[in-house]
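# Chain and residue survey
So the chains spell out like this:
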Amino acid sequence: MAMIIKSKLRIPAPPARVIERSRVDRMLLELVAGHPVVWVSASAGSGKTTAAIEAVRRTDRPAAWLTLDSSDRAPGRLLAYLAAALEPHLDGAVGLVERTLATGTPHAETAGLLADSLPERPLLLVIDQLEQIADAETARAVLSALIRYAPPTLRFLLISRREIDLEFDSLALTGGVAAVGDRQLAFTREEAALALEALDGAAIDPDTAIRVTGGWVTGVLFEAWRSVDHIYGSGGEADPLNGYLARHIMSALTFEERDLLVTTAVMPEVAAADAEALGVQEAGRILAQLRAKHLPVSWQGDVLQAHPRFREYLQTLFGRRNRTDQLRVHRAYAELLSERGELEEATEALLAAGMVDRAAAVGERVIGVVASRGDSEQALRWLAAFRPERVRASAQLSHAELLVAVARERYGDGAELTDRLRELYREEGVPIPSRNAALMAWCYMLTTRFDDGFALLDEAEPGAEVDIARSVLSVERPGGDYGKLAPPSGGPADALLLREHWAHGRLMRLLGPSLSPWVATVNRPWQIAALRALGRLDEALALYEEALEAGWRSSWLTASVFVDLMMDLGRGEEAWRAFEERRPQLLASGSDRIILLTELQEARLALRLDRDLERARKALLRVANHPATEHLMMVSEQLELLQGLVWLREDDARALGSLREAVEMMVAADRILDLPTAAIYLSEAEWRAGDPEAGDRAADLALGAAREQGSYHGMLQALADFPGVAVRRLDSSPGDDVWRQLGRSVLEGDAKPPQVGTVEGRPSLHVGDLGRAVIVVDGAEVRPRLGKSIVLLSFLATLEQPRAPRSRLLEVLFDGRADESTRAYLRQVLNRVREVLPPPFSLDLQGSVVAIDGGRLVSDSTQLLTRLAEAAVIEDATALPTLLEALGRAEELVLLPAIETEWISERRAEIGSAVGHARQRAATLAYEAGEYATADALCRAIVAEDPYREASWRLLMRVRAELGDEDGMVAAYRACQEALGEINAGPAPATEKLLAQLRR
């Protein structure tokens, strides 16, 4: 990472003459104690920074400080300085940010990860001169994310001359921002009197000073109203300080004193040696003279720091000097910065001085850092300013060009830049650095230059990144073995492995524990894709929306992940709109793979949403005719799959050939992402070709792949197109409960699909949420200190994988309230859960998703619903014992009886509905089996809870008739009539007819 200017992280020295203002000190301390963010927004010279310095000095909280400048408009640089400011309070903060940005993670997402990593210990972070990033949207997004995800123990004190547009969403600070402005900072009469007395201004009436300045601190301290140009403005917003400085301060200085101040205005702080480096003679002596003057400056030892407003005035004077003198100073300052290792600042100064070649020489030493942290605009500006021949001749500058090209998704340009880089490394006689080689090889892979990729890796220095890149290239080639992927390195190159896990359908590897927090962050797009492929659409949509808030904007995320999600949700117009919006950029990427996958996505959209065979055929023809298709196995598989689907609607024989080819390629490559879909289509084609046994084998292949993948979602989508596959497979194996459930789900539409079973032998954690709220660990009951902990675990147990966005947990636990208190309470709940989880279970935060890993999470309520669902698919009377056993466990047990939330109410209703349906079916089975007493008891329990269930009243009438109790039968009818009368209804004709039949 580039050198950090430590003076920006240092708490500034107070002004030479500080007026004690206990009123302001007390106000700021009270606001900091009670609010996550205190925003001091007031005009120049209002005493903002001085007040903050005093607050830091007096608070018992540890404090960090960051003073911004104009270069912090670059979001990556701002992140680097925020991390440096927090490093003393979070060991490894700088490294975390550096590694995360190197993977291409958005700046705002990285800021959220940094905030999430902070320990929950008291801390005050002061950020001064926030107006420097007022017009920089990406920098503001970084700061917004840091505040949004910070622990409740971190307080922010923001200082600015103007209001800044920061987004504090419902997860952070609704109602939690305190504002301080000119009115609160203005001198009172008493404070003005003390100030004037300290300045030997006893002859000046403090009332007059307050009246003519509005209490503006600098106006009082420097008697600015004495200027004939003074225009009174509240708080100094129309202050006359420039005029006053010219007439009453600068005119009182000697020529050499004025010259030093103006010459060094390019510096944020002035030491004697630095001033002499700019050409100021005897700077030490002159600074000593200035120290005795009444100036708007502060001193850190012998170092002068001008008040920002005063420095702006001095910079205005410097700008009036002749151009030759300005360039001389800029050049001297740039050389000084370079010698100190402040290379970014030196490059900017050299460019400002017109020293392009020297700027390139310095900039090439740091531009890689600038590009790696995602500051593409800054890197592009430099590259455009440098001479093209210099850029082409420099490995460092060319590598920065490569990073920018990849960030802009221009992979064709990236491959060309890789060619240039290889030649430059050869000319220098050095191996390609391992990390650089992985990125370069990836560009070759995306442009279908596999041989060049392997040759490049042979030229690289050994390293984990090279091993990963070589294994990924090998897997991508025909005959590649997914099982031979290199192990993860814990570094940025692991992002290549994530892509392979997705392509091969190993979705649980994308949702399981991550190697490190930053890997979890870069994994977010793949997690969204995996959740969608598993059918967990609500979770996928929530995580996608969070990704957008965090700054993810890649075309692939939109045109592939989001479009697939919208298709699955039935939101076709949104899917087409998002695809068409991103399609041009994808087709201009220069990547054969991306271009072909974009064409395949168009065909998929046309087939699934519009049944537009002609548009699909045209897109598939473009893929078939592209020379790269035969070298890209995943593209070839998709082509055969989608061609097979088209032919299934037109030409059965051609469909069979395409689908057999698709399935064979997927099986050979161990790529199961789309294998459930392809095998279902193949099953249909085999049956049409007159080979039902081959059709059954293909259907079972689909089932096995779905189980390995962890979900029947993709398989069910294919069965929805061809439901006959499920019917025929069930006919050939009527006892298969999974096929029975799959068939019911497809044919009934709204039936709940079966869940893929968990792996046997995995440890399980049991949540008691019916009756007593406990956790059962190794047979022993454990009660967390917060009741909401059981609610959290009960909710997570309802999910196929126990993981959910924090936004969803706030809805479940607090009925959608998402203010500071609920966010803090959620953290406490998570901590209490961590306290009671036994090994190997763990509760982790992966980005903004809460996940429990280590085994199965089960609960009373999920087990009850599972038993009822299992009994529901048993067609004969043997289901009765199972139903009665399950219902016996449900009697008089209420879900989490001591807690009331909207989610608990909905869950109770869900359980109640399932129990009601199960009782009705059990009562019917008991009646048909002649077990009338059992049927009678069940019917009475049903109508006691739901008196409007007329079918249960009719069954009760039949049961009483079978028992020979005609009075009881009539009483049941009258009770039904009375209950329905309460809702202004009456018994249905079927009930009236039954009464007449039973009375005969």
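Not measured: the values here are computed from a predicted model.

Calculation rules
- Residues numbered from 1 in each chain as written.
- Predicted model: local features only at pLDDT ≥ 70, side-chain atom pairs only at ≥ 80, totals over all residues.
- Heavy atoms only, no water.
- Axes fitted to C-alpha atoms, helices over the stretch in contact; angles between N-to-C directions.
- Helix = DSSP H or I, 4+ residues; strand = E, 2+ residues; numbered from the N terminus.
- Parallel < 35°, antiparallel > 145°, perpendicular 65-115°, else oblique.
- Contact = heavy atoms within 4.5 Å.
- Nonpolar A, V, L, I, M, F, W, Y, C, P; charged D, E, K, R; others polar.
- Buried < 20%, exposed > 50% of the residue type's maximum accessible area, 1.4 Å probe, protein only.
- Arc of directions from axis to C-beta.
- Core = buried A, V, L, I, M, F, W, Y, C linked by side-chain atoms within 4.5 Å.
- Pairing = 2+ DSSP bridges.
- pLDDT = per-residue confidence, 0-100.
- Phe/Tyr/Trp six-rings, centres within 6.5 Å; stacked < 30°, edge-to-face > 60°.
- Lys NZ or Arg CZ within 6 Å of the ring centre and 35° of its normal.
- Expected span 1.5 Å × (residues − 1).

All right, on to the packing of helix α38 (residues 675–688) against helix α39 (residues 692–709) then. Direction vectors running N to C along α38 and α39 enclose 170°, while the axes themselves pass 7 Å from each other. Considered as vectors, α38 and α39 are oriented roughly antiparallel to each other. Contacts between α38 and α39 pair Leu675, Pro676, Ala679, Ile680, Leu682, Ser683, Glu686 and Trp687 from the former with Pro692, Ala694, Gly695, Asp696, Ala698, Ala699, Leu701, Ala702, Ala705, Ala706 and Gln709 from the latter. Its residues assigned to classes, the contact of α38 with α39 comprises 14 nonpolar, three polar and two charged.

Another aspect to go through is helix α41 (residues 724–732). Looking only at α41, the buried set comprises Val725, Ala726 and Arg729. Looking down the long axis of α41, one finds its buried residues gathered within 95° of arc, a one-sided arrangement.

The next point concerns the nonpolar core. One broad rule of soluble globular proteins: the nonpolar side chains tend to lie buried together. By size, the foremost hydrophobic cluster in this structure holds 181 residues, and its most contacted members are Met250, Leu260, Leu261, Leu290, Met715, Leu719 and Trp739. One finds Leu765, Leu883, Leu895 and Val970 within the second-largest nonpolar core, a separate group that totals 65 residues.

Further remarks concern the sheet that holds strand β3 (residues 123–128). The five strands are arranged β2-β3-β4-β1-β5 in an open sheet whose pairing can be described as parallel. Looking along the sheet, the strands with just one partner apiece sit at the ends: β2 (63–67) and β5 (177–180). The mean angle between the axes of side-by-side strands here comes to 15°, regardless of whether they run parallel or antiparallel. Pairing of β3 with strand β4 (residues 154–160), which is carried by five bridges, proceeds in the parallel orientation. Counterpart to Leu123 in the pairing with β4 is Leu154.

This paragraph deals with the confidence of the model for the protein chain. Within the protein chain, residue pLDDT values average 83, and 87% of them lie at 70 or more. Segment residues 170–175 is flagged for pLDDT under 50; beyond a separation of four residues in sequence, or across chains, it makes 19 contacts in the model. Long-range and interchain partners of residues 224–240, a stretch whose pLDDT sits below 50, account for 42 contacts in this model, where long-range means more than four residues apart.

Quick look at the packing of aromatic side chains now. This structure, assessed with the given rule, holds six aromatic pairs. Seen from their ring centres, Phe795 and Trp903 are 5.6 Å apart, and the 90° between their planes marks the pair as edge-to-face. Placement of the pair is Phe795 in helix α43 (residues 788–797) and Trp903 in helix α48 (residues 902–928), with a sequence separation of 108 residues. Classification of Phe795 by relative accessible area gives buried; the value is 5%. Across the ring face of Tyr81, the terminal group of Lys8 is positioned such that the distance to the ring centre comes to 3.9 Å. If you follow Arg728 out to its NZ or CZ, it ends over the ring of Trp687, 3.9 Å from the centre.

Our focus in this paragraph is the pairing of strand β7 (residues 303–306). Each regular strand shows side chains that alternate between the opposite faces of the sheet. Residue alternation in β7 divides its side chains into a buried set, Leu304 and Ala306, and an unburied set, Val303 and Gln305. Here strand β6 (residues 297–300) runs beside β7; their pairing, made up of four bridges, is antiparallel. If you follow Val297 over to β7, its bridge partner there is Ala306. Here β6 folds back onto β7 in antiparallel fashion, the turn holding two residues, of which Gly301 has a positive phi close to 65°.

Right, let's get into unusual backbone geometry. Positive phi, normally seen in glycine, also occurs at Glu282, with a value near 55°. Located in the positive-phi region is Arg611, a residue other than glycine, with phi close to 55°. Relative to the helices and strands, Arg611 resides in the loop between α34 (592–610) and α35 (613–625).

With that out of the way, let us pick up helix α51 (residues 966–981). End to end, α51 covers 23 Å across 16 residues, agreeing with the expected 22 Å (1.5 Å per residue, within 8%). Within α51 the residues assigned to the buried category are Gly968, Met969, Val970, Ala972, Tyr973, Cys976, Ala979 and Leu980.

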